[in-house]
Amino acid sequence: MRVSVDTHRCCGSGQCVLAVPEVFDQREEDGIVRLLDERPSAELHDEIRTAATVCPSGAIEVHEA
Amino acid sequence: MTTAHPVTPLSFPAPRGACPFDPPPAYQRARREQPVTRVTLWDGSQCWMVTRHADVRVVLRDQRFSSDARRPGFPFVTDGRRALANESTSFIRLDDPEHARLRRMLTADFMIKKAEVLRPRVQRIVDDFLDRMVEHGAPADLVTEFALPIPSLVICLLLGVDYADHTYFQERSRIMLNNGSTADEIRQARDELTEYLGRLAQRKRREPDDGIISRLVARGELTDEEVASTGLLLLVAGHETTANMTSLSTLALLRDPAQLTRLRAEPALVKPAVEELLRFLTIVHFGLPRVATEDLEVGGQTIRAGEGVLCMLSAANRDEEVFEGADRLDIGRESRRHVAFGFGVHQCLGQPLARVELQIALETLLRRLPGLRLAVPYEDIRFRTDMAIYGVHELPVAW
Ligand code: HEM
Ligand code: SF4
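Residues numbered from 1 in each chain as written. Chains lettered and ligands numbered in written order. Predicted model: local features only at pLDDT ≥ 70, side-chain atom pairs only at ≥ 80, totals over all residues. Heavy atoms only, no water.

## Observations regarding the overall build of chain A
Note the cut-off: Secondary structure elements follow DSSP: runs of H or I no shorter than four residues count as helices, runs of E no shorter than two count as strands, and numbering proceeds from the N terminus. The globule rule is 2.2 Å times the number of residues to the power 0.38, and the radius of gyration it is compared with is taken over C-alpha atoms. Only protein chains enter the area calculation, which uses a 1.4 Å probe; residues under 20% of their type maximum are buried, those over 50% are exposed, and those in between are partly exposed. The contact definition used throughout considers only heavy atoms, calling two residues in contact when any of these lie within 4.5 Å. Under the convention used here, a 1.4 Å probe and the Shrake-Rupley method define accessible areas, while residue burial counts only the protein chains that appear. Neither His nor the chain termini are counted; the positive set is Lys and Arg, and the negative set is Asp and Glu. Taken as the charge location is NZ of Lys, CZ of Arg, CG of Asp or CD of Glu.
A count of helical and extended segments in chain A gives two helices and four strands. Each helix and strand of chain A, placed in order from N terminus to C terminus, yields the pattern β-α-β-β-α-β. Whereas a compact globule of 65 residues would reach a radius of gyration of roughly 11 Å, chain A reaches 10 Å, a difference of no more than 12%. With respect to the principal axes defined by its C-alpha atoms, chain A has extents near 30 × 20 × 15 Å. Evaluated residue by residue, chain A yields a buried proportion of 51% over its 65 residues. Put simply, 56% of the contacts in chain A that link residues at least 6 apart link residues at least 24 apart. Only carbon and sulfur atoms are counted for the fraction: they give 45% of the accessible area of chain A, which is about 3100 Å². Of the charged side chains in chain A, 6 are positive and 13 negative, and the gap between their average positions amounts to 6 Å.

Have a look at this one:
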């Protein structure tokens with residue numbers, strides 16, 4: 001799985017950070033998403049899919065395989 | 001595919017049914033039978049009502065559905081809100097890019113890390129108000145002695161507003177959120193608050209501190225009026241919402257001994273419990289208003305440019321397609337997909353803070369008052385059916 005984020009779309013809701021703090025963070029200066037790990041390990045995949053689902057702005061893309 | 005409209009559109013708002021925790025039966029039925037349906041508002045105008053979880057997400061995420069109340073066709077659920085449409089400028093009623101520009105000045109203040117740092121302070125505040133309530137003795141009104149002062153003090157601290165003036169804000173934000181207020185009453189309340197915040201902005205220019213108002217002023221990108229309207233939004237949005245969630249959650253748990261016992265036995269469940277209570281109670285119960293800026297399709301129904309839409313968060317949060325046994329409160333379930341904070345780029349800015357406040361308030365209340373109970377018959381509790389934010393007017397409790 002590969003993950004990408006779109007910082008222009010992101011509205012800084014923090015939903016992704018709540019779901020998977022290992023993979024998502026928020027920038028100190030403006031609370032916008034910061035991707036910590038583009039290729040997260042398998043045990044996090046389910047939670048990452050949840051993060052993408054609950055992201056209100058559609059800023060998280062999950063590329064399976 | 002376009003389904004025919006029912007001959008007589010549903011009149012909005014529909015009354016609640018027998019259970020005060022459930023959304024109006026008419027919305028629940030609409031979700032099953034005609035998920036995108038026409039409704040008639042108080043002034044005889046019509047708009048669309050969207051009730052399915054999937055459709056609500058589609059509308060709220062698509063910025064071609066505008067939040068700008070100045071656009072023709074924008075649906076107003078009360079007279080007062082329509083009268084103020086052309087005068088209000090806070091970013092909750094603006095579209096991107098203006099909305100994003102203003103919201104991004106605040107996102108850092110409300111991000112997860114910041115809310116987490118506040119935990120010890122919120123815990124102290126919660127303990128203080130609970131101490132005072134216990135000292136005053138039972139019966140006590142949980143709303144005025146506990147649920148309301150907590151978010152009120154917290155938002156005052158964050159903004160750098162003097163808590164000594166809290167009755168001033170509470171009274172005025174209550175008027176602004178009362179669907180029964182006339183346009184003049186709302187206008188006066190709003191003007192007084194804006195004036196107060198404008199004066200505060202001027203003072204922070206001279207005597208800066210580390211509160212949000214002061215830092216907005218220091219950026220130098222906003223006029224004092226813009227600072228005031230942003231402060232007003234935070235003050236109003238941050239007050240009654242968290243307060244009503246706290247008291248209504250308490251009541252819902254007191255009415256459901258099995259869930260209450262479970263939460264007491266497993267305090268670690270407080271996080272999922274708060275999500276489930278947000279879903280189950282959905283206190284923003286009048287629907288989020290939007291207006292289509294072009295012809296769009298939602299759930300197989302064409303919505304024309306200039307037509308209004310109400311996104312019913314309460315009905316969406318009871319959608320069986322997403323939440324099994326949706327009409328049951330189940331604090332252990334996976335409910336993170338709820339839309340109680342809205343969806344799309346306007347999704348609640350204060351949600352990390354609201355979560356911290358709710359988790360601490362509920363956990364502390366249940367832990368410290370093991371004998372917590374209603375001090376009046378349940379039938380006597382008055383629900384806020386006519387208020388923009390649902391909840392109870394008062395909650396007399398003993399312990
Ligand atoms: C349980 C408590 C709360 C609930 C249920 C709630 C609910 C909501 C909802 C549904 C929206 C979306 C409005 C729309 O899309 O038209 C919203 C927006 C907003 N909320 Fe909250 N809220 C809560 C607490 C708070 C707190 C504590 C604050 C601030 C301190 C806050 C500040 C805001 C702001 C500024 C917006 C506008 C965001 C934007 O337009 O980008 N809320 N809230
Ligand atoms: S959930 Fe989406 S909008 Fe919210 S911070 Fe993460 S990427 Fe941004």
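Past the structure itself, the notes keep going.
## Re the site of ligand 2
Heads up, the condition is: Any residue with a heavy atom positioned within 4 Å of a molecule or strand is treated as near that molecule or strand. Nonpolar residues are Ala, Val, Leu, Ile, Met, Phe, Trp, Tyr, Cys and Pro. Charged residues are Asp, Glu, Lys and Arg, and all others, Gly as well, are polar.
Lining the immediate environment of ligand 2, one finds 13 residues, of which A:C10, A:S13, A:G14, A:C16 and A:C55 sit closest. Per-class residue counts for the shell around ligand 2 are eight nonpolar, five polar and no charged.

## Here we look at the site of ligand 1
Residue and element names in this part refer to chain B. For the record, the criterion: For this analysis, a polar contact is any N or O atom pair within 3.5 Å, provided that within protein one partner can donate a hydrogen and the other can accept it, and provided that sequence-adjacent residues contribute only side-chain to side-chain pairs.
With respect to spatial proximity, 29 residues lie near ligand 1, and among them H99, R103, R290, H346 and C348 are the closest. One nitrogen or oxygen atom from the side chain of R103 is found 2.8 Å from an oxygen atom belonging to ligand 1. No other element matches helix α12 (residues 224–254), which puts seven residues into the shell around ligand 1. The residue inventory of the shell around ligand 1, partitioned by class, reads 19 nonpolar, seven polar and three charged.

## Comments concerning the nonpolar core
Going by this rule: In plain words, nonpolar cores are sets of buried Ala, Val, Leu, Ile, Met, Phe, Trp, Tyr and Cys residues tied together by side-chain atoms within 4.5 Å.
Among the nonpolar cores identified, the biggest contains 88 residues, and B:F21, B:F146, B:L197 and B:F383 are the most heavily contacted of them. The residues contacting B:L197, other than those within four sequence positions of it, are B:V161, B:I213, B:A228, B:G231, B:L232 and B:L235. Counting 19 residues, the second largest nonpolar core, distinct from the first, contains A:V3, A:I32, A:I48 and A:A52.

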